[in-house]
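# Coordinate inspection notes
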Amino acid sequence: MATGCGVGAGRLSLCCGVEEDTRTDDVVQRLLSLEMASHREKLQLKTSLLVEKVRRSPIDVGSTEVQIAILTAKIRNYQEHLQLHRKDKTNKRYMLLAIDRRKKLLKYLRRTRYEVFENVCTQLGVQYTFPPEYYRKATQRWVAKKALCLKVFQEVRKIRAAERQRRKAVAAEREQSVSKEGTPV
């Protein structure tokens, strides 16, 4: 009885056309498993699995969807690496560059073909968020200046509110004095 090729229980199976009766050694199975695979091979496998989800045709290697899938695999790889090596600034920078590139591609895909964009986001598990309309890095000087401006604005509001109250009181007194004088008894 012949078995088909496939991935089973986290191990690569190289059993095309091999009878089930022939059992492979435990050492050979360990050598062929993903646990013993190099990091590059694991990354290629993860990338190919993501690309298969969004690929238009079997020969599609450069469409926007495939580029997004490849970048997603790289980003996830960088995230795994940075969880172990938190101080690795170079890979953090590469991850941020890949995120920006993927964001640009997603923006383009959203603008041109929205249905494909939604499919890619659901298949890859990517959540697209809109960029802010205005972004400014908050420096210490800018934060202090903003706090001072807010404090001044609130003080001016209090002064104006007090002025309005005073004007209302003066207007109410005039109204009462005009009403008292205007009624002959």
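Everything below is about the structure printed above this text.
The paragraphs below set out a description of the structure included in this document.

Conventions adopted
- Within each chain, residue numbers correspond to sequence positions counted from 1 in written order.
- In view of the model being predicted, local features appear only for residues whose pLDDT reaches at least 70, and side-chain atom pairs are presented and counted only at 80 or more, with totals across whole chains, interfaces and linings using the full set of residues.
- Each side-chain value is derived from all of the structure's non-hydrogen atoms; neither hydrogens nor water enter the calculation.
- Helix and strand labels come from DSSP, where a helix needs a run of H or I of at least four residues and a strand needs a run of E of at least two; each type is numbered from the N terminus.
- Residue contacts are counted whenever heavy atoms from the two residues lie within 4.5 Å of one another.
- Stacked, tilted and edge-to-face are the three classes assigned to paired rings of Phe, Tyr and Trp, where Trp is represented by its six-membered ring and a pair needs centres within 6.5 Å; plane angles under 30 degrees give stacked, over 60 edge-to-face, the rest tilted.
- The rule is simple: take the accessible area with a 1.4 Å probe, protein chains only, and divide by the maximum for that residue type; under 20% is buried, over 50% is exposed, in between is partly exposed.
- Angles run from 0 to 180 degrees between N-to-C directions of axes, and those axes are lines fitted to C-alpha atoms, restricted for helices to the stretch in contact.
- With respect to orientation, any angle under 35 degrees is reported as roughly parallel, any angle over 145 as roughly antiparallel, any angle of 65 to 115 as roughly perpendicular, and every other angle as oblique.
- Multiply 1.5 Å by the residue count of a helix minus one, and that product is the helix's expected span.
- Directions from the helix axis toward the C-beta atoms define the arc.
- Here is the rule for handedness: rotate from the far helix to the near one, and if that takes an anticlockwise turn smaller than a right angle the crossing is left-handed, while a clockwise turn gives right-handed.
- Nonpolar residues are Ala, Val, Leu, Ile, Met, Phe, Trp, Tyr, Cys and Pro. Charged residues are Asp, Glu, Lys and Arg, and all others, Gly as well, are polar.

By the secondary structure assignment, Thr72 is in helix α3 (residues 64–84). If we ignore the near neighbours within four places in the chain, the residues touching Thr72 are Leu50, Arg102, Leu124 and Val126.

Another point: the packing of aromatic side chains. According to the stated counting rule, one finds three aromatic pairs in the structure shown. On the basis of an interplanar angle of 90 degrees and a centroid distance of 5.3 Å, the ring pair of Phe117 and Tyr128 is categorised as edge-to-face. Taken together, the residues span a long stretch of sequence, with Phe117 in helix α5 (residues 114–124) and Tyr128 in the loop between α5 and α6 (140–182) at a distance of 11 residues. According to the relative accessible area criterion, Phe117 is buried, its value standing at 5%. Using a relative accessible area of 18% as the deciding quantity, one classes Tyr128 as buried.

With that settled, consider the packing of helix α4 (residues 89–112) against α5. At a closest axis distance of 6 Å, the pairing of α4 and α5 adopts a crossing angle of 135 degrees. Relative to α5, the element α4 lies oblique. In this structure, α4 uses Leu106, Leu109, Arg110 and Thr112 to contact α5, whose residues at the interface are Tyr114, Val116, Phe117, Val120 and Cys121.

Our next topic: helix α2 (residues 39–54). Its 16 residues give α2 an end-to-end C-alpha distance of 23 Å, which sits within 8% of 22 Å, the value for a rise of 1.5 Å per residue. Those residues of α2 not exposed but buried are Thr47, Leu50, Val51 and Val54. Burial along α2 is one-sided: seen end-on, the buried residues are contained in an arc of 100 degrees. Turned more than 90 degrees off the buried face of α2, the exposed positions are Leu49 and Glu52.

It is worth spelling out the packing of α2 against α3 at this point. Relative to each other, α2 and α3 sit at 140 degrees, their axes nearing to 9 Å. Here α2 lies oblique to α3, going by the angle between them. Read as a crossing pair, α2 and α3 show a hand that is right-handed. Of the residues in α3, those in contact with His39, Leu43, Lys46, Thr47, Leu50, Val51 and Val54 of α2 are Glu65, Val66, Ala69, Ile70, Thr72, Ala73, Arg76, Asn77 and Glu80. Within the contact of α2 with α3, the residues separate by chemical class into eight nonpolar, four polar and four charged.

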